[in-house]
Amino acid sequence: MKPTLPQGTRDFNAVTIRRRNYIFDTIKNVFELYGFQPLETPAMENIDTLMGKYGEEGDKLLFKILNNGLDRPEKQEQAKQDFEKVLGGKNVEGITERALRYDLTIPFARYVAMNYGQLNFPFKRYQVQPVWRADRPQKGRYREFYQCDADVVGSNSLLNEVELLNIYKDVFKTLNIDVEIKINNRKILSALAELCGGNERITDITVPIDKLDKIGWDKVKAELEDRGLQGLQIKLIEDYISIEGDNTTKLDAIRSLIGEIEIGRQGIKELEYLLNYNSPSTIHHSPFTIDFTLARGLNYYTGTIIEVKALNVRMGSIGGGGRYDDLTGLFNVPDLPGVGISFGVDRMYDVMEELKLFPDSLKNNTEVLFFNLGEAESKAAYNLLQLLRSNNVKAEIYTEQSKFDKQFKYAERNNIPYVIIIGSKELETNTCVIKNIQSGKQETIAQEVLASFSFQ
RNA sequence: GAGGAUGUAGCUCAGUUGGUUAGAGCGUCAGUUUGUGGCACUGAAGGCCGGGGGUUCGAGACCCCUCAUUCUCCCCA
């Protein structure tokens, strides 16, 4: 058979893994630095845990796992009936009762709800694991990809937002990725919705304006009309999205637009708090940008919302997050507020590769290769090999007794800087030849002093 | 879910208005060189031209179907 990969999945070679680990390690270090503790959850969850949490679209994108044992004779009749229902578009427990995780937030909420009694609140966890979505793959979109999340539950304090914003700032600064960190507040959008006829309009308003930078005002306007918004309301939304300038200017403008509404005032106050806390003297030079068109699709967000966009490159968002007042309510633990952020590592990788941001020092591999030039020769080499390893020198031996040509090429292609040659001559005199592949220089030394040779 | 592009050697790709036995570069293997790689030269192996059907005297090329990859929209990280 011809081997292939499932659509949207990838193998990772050594170089790629080293680079990915560089990103993972950077993020994890910052998470730990801010006092977050690691958590891992299973690749699969009960399907009930995930269904209905990501909107209609999300349900379609869940990878569902077929139950085992459907072919057992005593189950076949039931299985056929259940499958009929599946064909009608329903999920039936008899056919599938598990699904692959779609994000890290809902499994975390499930975990918090299950362990509510044991956790020490405010509870801060980070999680670095793959998620799966049955989306159609394209640039920057995969069916299996990693998310790195940090969340805090059990605290209403905006200090948590301050922390998370600074985590974003620190990670992208360390990795040298130029980003725009955009923030907004759902309460401001709620106030706008209220002015447009009620809070239940929020989706009709946010979905179109979220697309503004992509499709332009005319199309946004058309979509608003389709969704039943009318003259004065559309004018208001136009005024809203037309707000421009630095953060201070934007705050002034939004105040005069929706400042009459209580929830809007709250949202503005929160936004102002975050910007002042992070950069008290120079609000306009803040690394964070107010973006009133930022809405975010997930409807469980209730306060601050954040999204990170890489500059100088065409790529969807590489991170996002926000505050949710009642995530665990879905699992019968009400009134537990939380706030979290997520890093999209695979997109960050693509951005860094495109902008050539990976340091060369990541090519960390074997330092020494012992040639294999015969039975007795390789045995002598093997003893020295183990000696070097015990001195923490990354070393290997060529396991085939091949021509020099081959062994040299192996060293070259694997970027191994040194080869050590022990042939019959060296065997007799208890010496070995150390050759630097790059410079071509070589020297013969006694085997007993090899351990103190400095490879660099 | 909607639309576009591309499938030819291990890899990257040529292949003219349809015309003999399908090519190049890189890589692989062998040799020049049995204890010294990179460079050079010589030679070799390697192809159901994604799959199926059709048009034609004749299809890698044209038409239809199908599969795969990729990009855009929707949505998202």
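These numbers come from a predicted model, not from an experiment.

### Observations concerning the pairing of strand 11 (residues 338–344)
- Counting buried positions over the seven residues of strand 11 gives seven, a clear majority of the element.
- Of the two faces of strand 11, the one carrying Gly 338, Gly 340, Ser 342 and Gly 344 and the one carrying Val 339, Ile 341 and Phe 343 are both buried.
- In the sheet, strand 6 (residues 144–153) pairs with strand 11 via seven bridges, with the strands oriented antiparallel. If you follow Val 153 over to strand 11, its bridge partner there is Gly 338.

### A closer look at the pairing of strand 14 (residues 418–421)
- Residue alternation in strand 14 divides its side chains into two sets, Tyr 418 and Ile 420 and Val 419 and Ile 421, and both sets are buried.
- Pairing between strand 12 (residues 368–370) and strand 14: three bridges, direction parallel. Counterpart to Leu 369 in the pairing with strand 14 is Val 419.
- The pairing of strand 14 with strand 15 (residues 431–436) spans four bridges and is classified as antiparallel. Of the residues in strand 15, the one forming a bridge with Ile 420 is Ile 434.

### Comments concerning the sheet that holds strand 12
- Sheet architecture is open: five strands sit in the order 13-12-14-15-16, paired in mixed fashion. At either end of the open sheet lies a strand with only one pairing partner, and these are strand 13 (395–397) and strand 16 (442–446). The average undirected angle you get between the axes of adjacent strands in this sheet is 25°.
- Seen against the sheet, helix 15 (residues 375–390) touches strand 12, strand 13 and strand 14 and runs at an angle of roughly 165° to strand 13.
- In the packing of helix 16 (residues 404–413) onto the sheet, the strands contacted are strand 12, strand 13, strand 14 and strand 15, and the crossing angle to strand 14 comes to about 150°.

### Looking at the domain arrangement of chain A
- As assigned here, chain A comprises domain 1 (14–40 + 101–354) and domain 2 (364–452).
- Each of domain 1 and domain 2 has a C-alpha centre, and these two points are 54 Å apart.

Quick notes on the rules
- Counting of residues starts from 1 at the beginning of each chain's written sequence and follows it residue by residue.
- Chains and ligands are labelled by the order in which they are written, letters from A for the one and numbers from 1 for the other.
- A pLDDT threshold of at least 70 governs which residues receive local features in this predicted model, and a stricter bar of 80 or more applies before side-chain atom pairs are shown or counted, although totals over entire chains, interfaces and linings include all residues.
- Hydrogens are left out, water is left out, and the side-chain values use all remaining heavy atoms of the structure.
- Exposure categories follow from relative accessible area, calculated using a 1.4 Å probe and restricted to protein chains: below 20% of the type maximum is buried, above 50% is exposed, and the middle band is partly exposed.
- Helical segments are the DSSP runs of H or I of at least four residues, strand segments are the runs of E of at least two, and each set is numbered from the N terminus.
- When DSSP finds at least two bridges between two strands, those strands are taken to pair.
- Each axis is a line fitted through C-alpha atoms, and for a helix only the stretch in contact is used; angles between axes span 0 to 180 degrees, taken between their N-to-C directions.
- Contacts are residue-level and defined by heavy atoms, with any inter-residue pair within 4.5 Å sufficient.
- Marked domain ranges trace back to an automatic or database domain assignment.

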